[in-house]
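A closer look at the structure
Listed here are the chains, written in short residue letters.
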Amino acid sequence: MSKPLLAIRDVTKTFGLYQALRGVSLDVFQGKVLCLIGGSGSGKTTLLRCVNQIIQPDSGGIWLEDDLLGRRHEGGKLHRLPEREIARQRLKTGMVFQRFNLFPHLTALGNVMEGPVQVQGRDKASARKDAMELLSRVGLADKAGNYPSQLSGGQQQRVAIARALAMRPKLMLFDEPTSALDPELVGEVLAVMRELARSGMTMMVVTHELGFAREVADSVAFMDSGSIVEYGPPAQILGAPTEKRTRDFLSAVII
Amino acid sequence: MTTAGPVLTSGFPDLTGVPMARRTHWGRWTAALAIILVLLALVRAFAHGQIDWPVVGQFLTVPVILTGIVNTVIMSVLAMALGILLGVIVAVMRLSPNPVLSYCAAFYVWLFRGTPVILQLLLWFNLALVFPTIGIPGVWSGRAVDIMTPFLSALLGLGINQGAYTSEVMRAGILSVDAGQHEAAQAIGMGRLRALRRIILPQAMRVVIPPLGNEFIGMIKTTSLASVIQYPEILHNAENIYYANSRVIELLIVAGFWYLLVVSILSPLQHLLEKRFARGTQVMTR
Ligand SMILES: Nc1ncnc2c1ncn2[C@@H]1O[C@H](COP(=O)(O)OP(=O)(O)OP(=O)(O)O)[C@@H](O)[C@H]1O
Ligand SMILES: [Mg+2]
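Since we're looking at a predicted model, the values are computed, not measured.

1. Some thoughts on the overall build of chain A
Helix and strand content of chain A: 9 helices and 12 strands. Projected onto its principal axes, the C-alpha positions of chain A cover 55 × 50 × 40 Å. The proportion of buried residues among the 255 residues of chain A is 56%. When contacts within chain A are restricted to residue pairs at least 6 apart in sequence, those whose partners lie at least 24 apart make up 64%. Here chain A contributes 32 positively and 27 negatively charged side chains, and the mean placements of these two sets differ by 4 Å.

2. A look at the site of ligand 1
Residue and element names in this part refer to chain A. If you check the shell around ligand 1, you find Phe15, Tyr18, Ala20, Gly39, Ser40, Gly41, Ser42, Gly43, Lys44, Thr45, Thr46 and Glu176 and nothing else. With respect to ligand 1, the backbone of Gly43 contributes an N or O atom lying 3.0 Å from an oxygen atom. A distance of 2.5 Å separates an oxygen atom of ligand 1 from a polar atom in the side chain of Thr46. Starting from 630 Å² of accessible surface for ligand 1 in isolation, the protein chains cover 60%. Elements represented by at least two residues in the shell around ligand 1 include exactly β2 (18-28) and α1 (44-51).

3. So, the UniProt feature "domain: ABC transmembrane type-1" (unreviewed entry) in chain B
The UniProt feature table records "domain: ABC transmembrane type-1" (unreviewed entry) at residues 69-270 of chain B. A distance of 20 Å separates the end C-alpha atoms of residues 69-270 of chain B, which is 79% helix and 4% strand.

4. Thoughts on the pattern of salt bridges
Oppositely charged side chains may form a pair once their charged atoms are brought near each other. Residues and elements named next belong to chain B. Evaluated as defined, the whole model comprises 23 salt bridges over all chains. The shortest N-O distance in the salt bridge between Arg143 and Asp146 comes to 3.2 Å. Asp146 gets classed as partly exposed once you look at its relative accessible area, which sits at 47%.

5. Concerning the packing of aromatic side chains
Residue and element names in this part refer to chain B. All chains considered together, the criterion is met by 6 aromatic pairs over all chains. Between Phe107 and Trp110, the aromatic rings sit 5.7 Å apart at their centres with planes inclined by 35 degrees, giving tilted as the arrangement. With Phe107 and Trp110 both in helix α4 (residues 99-113) and 3 residues apart, the pair spans about one turn of that helix. The exposure class of Phe107 is partly exposed, given its relative accessible area of 47%. Residues Phe151 and Tyr231 carry aromatic rings whose centres are separated by 6.2 Å and whose planes lie at 45 degrees to one another, so their mutual orientation is tilted. With Phe151 in helix α8 (residues 150-176) and Tyr231 in the loop between α10 (192-222) and α11 (234-245), this pair connects stretches of sequence that are 80 residues apart.

6. Description of the interface of chain B and chain A
Each partner contributes residues to the interface: chain B has 24 residues there, and chain A has 25 residues. Interface of chain B and chain A: buried area, both sides summed, is about 2,200 Å²; carbon and sulfur atoms make up 52% of it. For the pair chain B and chain A, the number of links is 3 salt bridges. Between A:Arg99 and B:Asp178 there is a salt bridge, with the nearest N and O atoms lying 3.7 Å from each other. Connecting chain B to chain A are 7 residue pairs in polar contact (both at pLDDT 80 or more). Contributions of two or more residues to the side of chain B that touches chain A are made by α9 (179-187), α10 and α13 (282-285) of chain B.

Reading the values: rules and limits
- Counting starts from 1 at the beginning of each chain's written sequence and moves along it residue by residue.
- By the order in which they are written, chains take letters starting at A while ligands take numbers starting at 1.
- Predicted model: local features are reported for residues with pLDDT of at least 70 only, side-chain atom pairs are reported and counted for 80 or more only, and whole-chain, interface and lining totals are derived from all residues.
- Hydrogens and water are ignored here; the side-chain numbers use all heavy atoms of the structure.
- Secondary structure is summarised from DSSP: a helix means a run of H or I of at least four residues, a strand means a run of E of at least two, and numbering begins at the N terminus for each.
- Between buried and exposed lies partly exposed: a residue is buried under 20% and exposed over 50% of the maximum accessible area for its type, with that area taken using a 1.4 Å probe on protein chains only.
- The criterion used for residue contact is that any of the two residues' heavy atoms lie within 4.5 Å.
- None of His or the chain ends enter the tally, which takes Lys and Arg as positive and Asp and Glu as negative.
- Charged groups are reduced to one reference atom each: NZ for lysine, CZ for arginine, CG for aspartic acid, CD for glutamic acid.
- When we say a residue is near a molecule or strand, we mean one of its heavy atoms is within 4 Å of it.
- Throughout this description, a polar contact denotes any pair of N or O atoms lying within 3.5 Å of each other; where both atoms belong to protein, one of them has to be capable of donating a hydrogen while the other can accept it, and for residues adjacent in sequence the pair is counted only when both atoms sit in side chains.
- The method behind every accessible area is Shrake-Rupley, applied with a 1.4 Å probe, and residues are considered shielded solely by the protein chains displayed.
- UniProt positions are given in the numbering used here, feature names are shortened, and annotations may be inferred rather than shown by experiment.
- Take a side-chain nitrogen of Lys or Arg and a carboxyl oxygen of Asp or Glu: if they are within 4 Å of each other, that pair is a salt bridge.
- Each Phe, Tyr or Trp ring, with Trp reduced to its six-membered ring, pairs with another whose centre is within 6.5 Å; inter-plane angles below 30 degrees give stacked pairs, above 60 give edge-to-face pairs, and intermediate values give tilted ones.
- The term buried area means the drop in 1.4 Å probe accessible area that two parts suffer when joined, counted for both and summed.

As structure tokens, this is what we get:
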């Protein structure tokens, strides 16, 4: 069996007294799409934030390609990596946030070019060309000069996807990318994500869009109170779940 | 019934086309009248008072006064620039996860906000009493009395004091930026300092410019304290003239006129800066 692109092993995370992750383990293989579903507070966001190193797990390990994230294993001890190394590791993942988090003082094009120019040190002309290509890929070439405040929610989220793609990540992380959107704008964002999945991008998607999960995901993980309760292909998890907690969650969501 | 509207009860008069009556604003008229009377009384009092207006006109543009106002503006700009530079550095230190940096910053703010500016100015000016020679050991040194000129003492005293206040304004600005912006900057691989410079500070500027404008106007007037350490700003020069000719009120009016003029020029400049940093926000289109 080939090695996974992302391997999560026994990850725990505690906030104060509250254990948000209680030993989560997962594999995500190259070119596959994993959807994470689960109720509010079940730890989905916390898990994504660990993979993107916005927070560090208390114990366990996360490997992306062959790198252990955030830690160096040496002399029988784990050492925290310096911030520069962590920033370099983060370039391999692209993150799309629930509330877009576009940079409001930069145009759509500026948002997409910011990482390549400022972080990767690419020259402006070629970065601009690539950024324009990405904007047309998400259907927004004509909005390149607009500031985020001049874009609809769906358009902002598509710019945010382009901004993440501009760093040429190996793995894309989505945290409820459509749940801050008006219902009629959800479709355009899901369409971009569907296209991305089809193009072979490896993706880890937290979502309540079960239709999307059923159609696009290669596997679905259902989380509850900090653990993965059930895992499998979408037809099984969404169609014939064996765990009661999964069934309860699905019946609550589908209504 | 031909149209399918709601069924209406009759008996209400048709108000279409009935004009609005003009209101007489009695309150406004009486207030305006009262204020005009007070102003007339004031003008009359000053016109008949012991003020020699031709002397005011005569000294308004003499070279000593003009040099004074230029020195005031130069000192305000330089001290404010130093204050903003220190303010940004100290605010970032204050918010740093490193407790040593954070406590140092808090100590600096405590020390320089807690003592009067005029005391700080006098300390800098009299530094020679503490350290007769200053410099970098083995590289360069000089006599403190020669180095601590009124200009340098005023710049250090005003700028460092301003830094303590500005750091709090900057800290408020940085805190006003959404936490999601830090995360988004991190997510595209930016380190703390680059995120600060490229993402956080440009957004914080929008929030800090109005209070900074306030601080700058305050600074223009605070430079007058530098007259106690012989810095030739406008009030110092006006005083020198009236010590010679005893036209105290006339020269104070001259100085007041110039302060007001400089401060009036600042408001439109601040407005331009605000527009510059409002890029991408709704405020811009207003
Ligand atoms: N920074 C934090 N400090 C304290 N508690 C936190 C923090 N972040 C998350 N939590 C807690 O951890 C638990 C898991 O949160 P998380 O955001 O991962 O849930 P989620 O599955 O993403 O939920 P939702 O569907 O509502 O987004 C929650 O109970 C939350 O209150
Ligand atoms: Mg969440």
